[in-house]
Amino acid sequence: MAVVVVVGAQWGDEGKGKVVDLLTEHADVVARWGGGANAGHTIVVEGKKYVTHLIPSGVLRAGVTCVLGEGMVIDLRTLVEEMRAFRSHGLLARNTDLVVAGRAHLTFPHHRELDRLREEQPGAIGTTRRGIGPTYESKASRTGVRVEDLLRPERFRRNVERNVAYVAGALVRNGGALPDVDALVKEYLALGEEIRPFVQDASRFLYDAIRAGRNVLFEGAHGVLLDLDHGTYPFVTSSSTTAGGACTGCGIGPTSIDTVIGIVKTYATRVGNGPFPTELNDQMGERLREVGTEFGSTTGRPRRCGWLDIPALRLTCRLSGIRALALTKLDVLSGLDQIKLCVQYRLAGKILDEMPLDPDDLAAVEPVFETLPGWPALFADGASSAGKMQLHPAAERYIARISELVGVPLALVSVGPGRDQTIVKDNPFVARNAR
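A brief look at the structure comes next. Note that the structure is a prediction, hence the values are computed from the model and not measured.

### Section: the overall build of the chain
From N to C terminus, the chain includes 13 helices and 20 strands. The globule rule puts the C-alpha radius of gyration for 435 residues at 22 Å, and the 22 Å found for the chain is close to it. Oriented by its inertia axes, the alpha-carbon framework of the chain measures out at about 65 × 50 × 40 Å. Intrachain contacts of the chain at a sequence separation of at least 6 include 75% that bridge at least 24 residues. In the form shown here, the chain has an accessible surface area of approximately 17,700 Å², with 49% of it arising from carbon and sulfur atoms. Looking at the chain, you have 51 positive and 51 negative side-chain charges, and the mean spots of the two groups are 3 Å apart.

### Description of the nonpolar core
Residues Leu79, Leu206, Phe218, Leu330, Tyr398 and Ile402 are the most contacted members of the largest nonpolar core, which totals 99 residues. Here this core gets 7 residues from one element, more than from any other, and that element is helix 12 (residues 393-406). Every residue in contact with Leu330, bar those within four places of it in the chain, is listed here: Thr266, Trp375, Leu378, Leu391, Ala395, Tyr398, Ile399, Val413, Ser414 and Val415. Of all hydrophobic cores here, the second largest spans 18 residues; its members include Leu22, Ala27, Ile263 and Phe429.

### Quick notes on the pattern of salt bridges
For the structure shown, the criterion picks out 29 salt bridges. As a salt-bridge pair, Arg77 and Glu187 come within 2.7 Å of each other at their nearest N and O atoms. Placement of the pair is Arg77 in helix 2 (residues 76-88) and Glu187 in helix 6 (residues 181-195), with a sequence separation of 110 residues. In this structure, the salt-bridge partner of Lys265 is Glu294, at a minimum N-O distance of 3.1 Å. Here Lys265, found in strand 11 (residues 259-265), pairs with Glu294, found in the loop between helix 9 (283-291) and strand 13 (304-306); they are 29 residues apart in sequence, far enough to count as distant. On the accessibility criterion, Glu294 (0% relative accessible area) is buried. Each member of the salt-bridge network shares a partner with another, and the members are Asp13, Lys265, Glu294, Arg303 and Lys329.

### Points about the packing of helix 3 (residues 109-119) against helix 5 (residues 153-173)
Viewed as axis vectors pointing N to C, helix 3 and helix 5 meet at an angle of 15°, and their least axial separation amounts to 11 Å. Here helix 3 is positioned roughly parallel relative to helix 5, judged by the angle of their axes. Crossing of helix 3 over helix 5 shows left-handed handedness. Facing His110, His111, Glu113, Leu114, Leu117 and Arg118 of helix 3, the residues of helix 5 in contact are Asn163, Val164, Val167, Ala170 and Leu171. Per-class residue counts for the contact of helix 3 with helix 5 are 6 nonpolar, 3 polar and 2 charged.

How each quantity is defined
- Residues numbered from 1 in each chain as written.
- Predicted model: local features only at pLDDT ≥ 70, side-chain atom pairs only at ≥ 80, totals over all residues.
- Heavy atoms only, no water.
- Helix = DSSP H or I, 4+ residues; strand = E, 2+ residues; numbered from the N terminus.
- Rg over C-alpha atoms; globule rule 2.2 N^0.38 Å.
- Contact = heavy atoms within 4.5 Å.
- Areas by Shrake-Rupley, 256 points an atom, 1.4 Å probe, with all protein chains shown as cover.
- Lys, Arg positive; Asp, Glu negative; His and termini not counted.
- Charge placed at Lys NZ, Arg CZ, Asp CG, Glu CD.
- Core = buried A, V, L, I, M, F, W, Y, C linked by side-chain atoms within 4.5 Å.
- Buried < 20%, exposed > 50% of the residue type's maximum accessible area, 1.4 Å probe, protein only.
- Salt bridge = Lys/Arg side-chain N within 4 Å of Asp/Glu carboxyl O.
- Axes fitted to C-alpha atoms, helices over the stretch in contact; angles between N-to-C directions.
- Parallel < 35°, antiparallel > 145°, perpendicular 65-115°, else oblique.
- Left-handed = near helix turned anticlockwise from the far one by under 90°.
- Nonpolar A, V, L, I, M, F, W, Y, C, P; charged D, E, K, R; others polar.

As C-alpha cells, then:
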C-alpha cells in the first residue's frame, strides 16, 4: 500500500494530468483536494487529448475511483458536462467510479459573474474568471452552499437565497445583475439528481481505502507558488496548493502520507499577473511558448515563459516536503544551443538561494544564471536503443544538474505528451509494493 501526494512545484501547468494518469496505472483511488474548474489537466492517450477541470486525472483508468474532496469548490454545470463526456467514451460507467464530497462547496453563475466583473477593474490579478475566489469567500463567510444541500431541496433554496443576498452588494457595486433565484434553484436541483448517486462522505471513503491497504494518489491542482498562504500573494489562487492541503482538503491525517512528488516543467511558465523573475520577453520566450504549446487549457490565454528557476523550486520542495521530482516537457528544449538555469538571486548585494516571498523583494531580485550546453536531438543517435529511450548526454546532464541543485532525486522524465513518452526512474507505487 502507498499513499502518494502529487503537487505542481511551480505556478501550475506543469503537466500534472499526464503524470497522475501515468501513476494511476498502479493506483486504486485518485483524489483532488482543492480548487475547482479553474484547473485544467491535459492527458493524451493513443493520440487522443482529454482535458479535465474537476474530475481527477485517474478517470481514464478502468477500476480507479475518482474523488472530489471536501476542500474543492464545484461548478455543478462543469461537473455534469464532464461526467456526460467521459461516459460517452465508456468511462465512469459504475457508481463506484466517482465520489463527490457532500461537504464541498458549490460555485454558482453569480460567483463567476462577480469574478469576471472584478477582473475588468484596475489592479486585476489575472484569474481564470471561473468564480473560484468568490466561492471561497462565500465559504469563509458561512454563507456558502454545499453539495449535500442539493439532496434537501428546501434547505438548498434557503441557502441559495442567503448566498445571493450575501453576494448581491458586491455584484451591484461592480455593475452586475442579481440572478433569478427560482430559475437557479430549478436548474441546480435537476443537475443535482445526476450526481446524487456519487455524493457521500469523501473523507471517510478515503480513510477506509487507506485502512484497507489500497493505493491512493492525491492530485494537486495549480502549483505551490500559487498557494494562498505561502505563494506569491496577492497573485495566488484561493486554496491550499501545498501537499498539506491534501490533509485539510480531503480530511486525512498527515501520518497517512508516504511520499510527495513534485511536478516540474523543465522551463518555467506563469499565467496571469504576478512576479516572474526568469521571464523571457524576447524571441526565446516566444519560442518556448510556441514549441511547448503554452496556452491555458482552461482559458486559452498565452502563458508567460522563462528559464527554470531553481531558488523557486527549492522553496516549493521545502513547503511541500517533496521527496522526488517528475520533470516534464524536456522535449521542448531540444534544438537549443544553450540552456540557462537560474541558480540563485542577487538582491541588494546579497546572494539568495531560495525565493523570497516579500513582494517588494521578489520584484527586485536579479536572477543569477548558469549556462549549460543544449542538444540537437533529444535521443542519443536520433533513436532509442533496444526499445529503451536513451537521452542525449547533454539532456542527461541537464536533468541531473536540476536534481543536484535542488537536492531531490528524479522519479520520472516526460519527453512528450503520450503515456509511452516517459522515462520512469522510480515509480513510488511499484517500489513500495515490491518491498
